[in-house]
Amino acid sequence: VAHFGGPAIRWLYFFSGLLGALVMAVGTLLLLRKRRQKSGPDPAQRWLDAFSCASLCGIWTACGALLAANHLLPAELAGRPDYETRTFFFVWLASLLHASWRGDRAWREQGVLAALVCALCGASDLVLGGIDDPIRRGIDLGFFLCGLVLLSSSRRFFRQDAH
């Protein structure tokens, strides 16, 4: 959190953080592909792929599920934050189990699922309207745009023939 330098510096830090995360994600994917080419089918490689898939794709689905739980659970529900947190971790664990079960196909499947979840969560409030909070509108727009980027990248980067 940058509390100095004004809005321009804060946005610069924000976009620099996004680019840093993107560099790490692409580096992980390229490292896994190179390792897979050298070692071939290997149980350790399958687990590395599963954990990486859940970390890179499943986290987006889990974040979308958290946002959906935040919007759908009644505000007066006792223990509401706990249900939201459990939703996040349940979906993240499900993505890990799915990735360990489906192997190479999980990358594309979870990429498309994450894209759809993000786009739908982001678009739901934008389409339904009634949002007076500009921060919430920004989060929804960000989720929608991330969904579009994830869909584009999952169609291109996670092609079946790439594995």
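Residues numbered from 1 in each chain as written. Predicted model: local features only at pLDDT ≥ 70, side-chain atom pairs only at ≥ 80, totals over all residues. Heavy atoms only, no water.

## Notes on the side chain of Gln45
Stage number 1. Here Gln45 lies in helix 2 (residues 43–72).
Stage number 2. The contact partners of Gln45, leaving out residues within four places of it in the chain, are Leu32, Arg35, Arg36 and Ser39. (Helix = DSSP H or I, 4+ residues; strand = E, 2+ residues; numbered from the N terminus. Contact = heavy atoms within 4.5 Å.)

## Description of a nonpolar patch on the surface
Stage number 1. Taken together, Phe4, Ile9, Leu12 and Tyr13 make up a surface patch of nonpolar side chains, about 410 Å² in accessible area.
Stage number 2. Counting through the fold element by element, Ile9 comes out in helix 1 (residues 6–39).
Stage number 3. Ile9 gets classed as partly exposed once you look at its relative accessible area, which sits at 31%. (Patch = residues over 30% accessible without salt bridge, like charges linked within 9 Å, V, L, I, M, F, W, Y side chains within 5 Å. Areas by Shrake-Rupley, 256 points an atom, 1.4 Å probe, with all protein chains shown as cover. Salt bridge = Lys/Arg side-chain N within 4 Å of Asp/Glu carboxyl O. Buried < 20%, exposed > 50% of the residue type's maximum accessible area, 1.4 Å probe, protein only.)

## What to know about helix 1
Stage number 1. Between its first and last C-alpha atoms helix 1 spans 50 Å; for 34 residues at 1.5 Å apiece the expected length is 50 Å, and the two agree.
Stage number 2. Of the residues making up helix 1, those classed as buried are Ala25, Leu29, Leu32, Arg33 and Arg36.
Stage number 3. Gly40 sits one or two residues past helix 1 and shows a positive phi near 70°. (Expected span 1.5 Å × (residues − 1).)

## Concerning the pattern of salt bridges
Working definition: two side chains of opposite charge can pair if their charged atoms are close together.
Stage number 1. A full pass over the atoms with the stated rule returns three salt bridges.
Stage number 2. In this structure, Glu84 and Arg80 form a salt bridge, with 3.6 Å as the shortest nitrogen-oxygen distance. One end of the pair is Glu84 and the other is Arg80, both in helix 3 (residues 80–102) and four residues apart, which spans about a single turn. Of the two residues examined, Glu84 and Arg80, each falls in the buried class.
Stage number 3. Among the salt bridges present, the one from Arg102 reaches Glu109, with a minimum N-O distance of 2.5 Å.
Stage number 4. The exposure class assigned to Arg102 is partly exposed, which follows from its relative accessible area of 22%.

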